[in-house]
Amino acid sequence: LVGDKAKPRLHKWIEGQTGFPFVDCFMRELAASGYTTHCGREFACWFLVRDLGLDWRLGAEYFESVLIDYEPTANWGNWVYRIATTTPPR
């Protein structure tokens, strides 16, 4: 999904209001503290792309805006790696 159709899903993901407690806890932690574990980042990435059907770059941009330990190559590299290694073969 892109554009206006993506906004409600993205907003719920950012606020930790997806209805999936396992993902929501990591997103709330990130919003409150600017940090979440590596595991939390992976799960949030997977959920954004695979379950919500959103563009991974939206998540990478959000993480860039809130992470207190933000480092460009780690953030963007991890997002690309997670997407490349979790894409089902066609």
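What comes next concerns the included structure. Every chain is numbered on its own, with residues counted from 1 as its sequence reads. Only residues with pLDDT of 70 or above have their local features reported here, since the model is predicted, and side-chain atom pairs are shown and tallied only from 80 upward, although totals for entire chains, interfaces and linings are computed over all residues. Excluding hydrogens and water, the side-chain figures rest on all heavy atoms present in the structure.

### A short note on the side chain of Thr 36
In step 1: Mapped onto the elements of the fold, Thr 36 is located in the loop between α2 (21–33) and α3 (38–51).
In step 2: With a 1.4 Å probe rolled over the protein chains alone, any residue whose accessible area is under 20% of its type maximum counts as buried; one over 50% counts as exposed, and the rest are partly exposed. The buried category is assigned to Thr 36, whose relative accessible area is 1%.
In step 3: It only takes one pair of heavy atoms within 4.5 Å for two residues to be counted as in contact. With near-sequence residues (within four places) excluded, Thr 36 lies in contact with Phe 26, Glu 29, Leu 30 and Arg 41. Counting from the N terminus, the helices are DSSP H or I runs at least four residues long and the strands are E runs at least two residues long.

### Things to note about the pattern of salt bridges
A side chain of one charge can pair with a side chain of the opposite charge if their charged atoms are brought near each other.
In step 1: Within this document, salt bridges are pairs made up of a side-chain nitrogen of Lys or Arg and a carboxyl oxygen of Asp or Glu, the two lying within 4 Å of each other. By the definition in use, this model includes three salt bridges.
In step 2: Measuring nitrogen to oxygen at the nearest pair gives 3.0 Å for the salt bridge that ties Asp 69 to Arg 41. Of this pair, Asp 69 sits in the loop between α4 (56–66) and α5 (72–86) while Arg 41 sits in helix α3, and the two are 28 residues apart along the sequence.
In step 3: By relative accessible area, which is 39% here, Asp 69 ends up partly exposed.
In step 4: Note on Arg 41: relative accessible area 18%, which makes it buried.
In step 5: Of the charged contacts, one joins Arg 57 and Asp 55 as a salt bridge, the two residues approaching to 2.5 Å between their closest N and O atoms.
In step 6: Judged by relative accessible area, Arg 57 falls into the partly exposed class, the value being 45%.

### Considering the environment of Ala 60
In step 1: For Ala 60, the location among the structural elements is in helix α4.
In step 2: Take Ala 60: its relative accessible area is 0%, and that puts it in the buried class.
In step 3: Separated by 15 residues in the primary sequence, Ala 60 and Cys 45 place their C-alpha atoms 8.4 Å from one another.
In step 4: For Ala 60, the residues in contact, after removing those within four places along its chain, are Asn 75, Trp 76 and Trp 79.

### Let's talk about the nonpolar core
In step 1: Among buried residues, those of type Ala, Val, Leu, Ile, Met, Phe, Trp, Tyr and Cys that are joined through side-chain atoms within 4.5 Å constitute a nonpolar core. Membership of the largest hydrophobic core comes to 19 residues, with the highest contact counts inside it found for Trp 13, Met 27, Leu 48, Phe 63 and Trp 79.
In step 2: Within the residue set of this core, elements represented by two or more residues are α1 (7–15), α2, α3, α4 and α5.
In step 3: Once you skip the residues sitting within four places of it in the chain, Phe 63 turns out to touch Trp 13, Met 27, Leu 30, Arg 41, Ala 44, Asn 75 and Trp 79.

These figures come from the coordinates and say nothing about function on their own.
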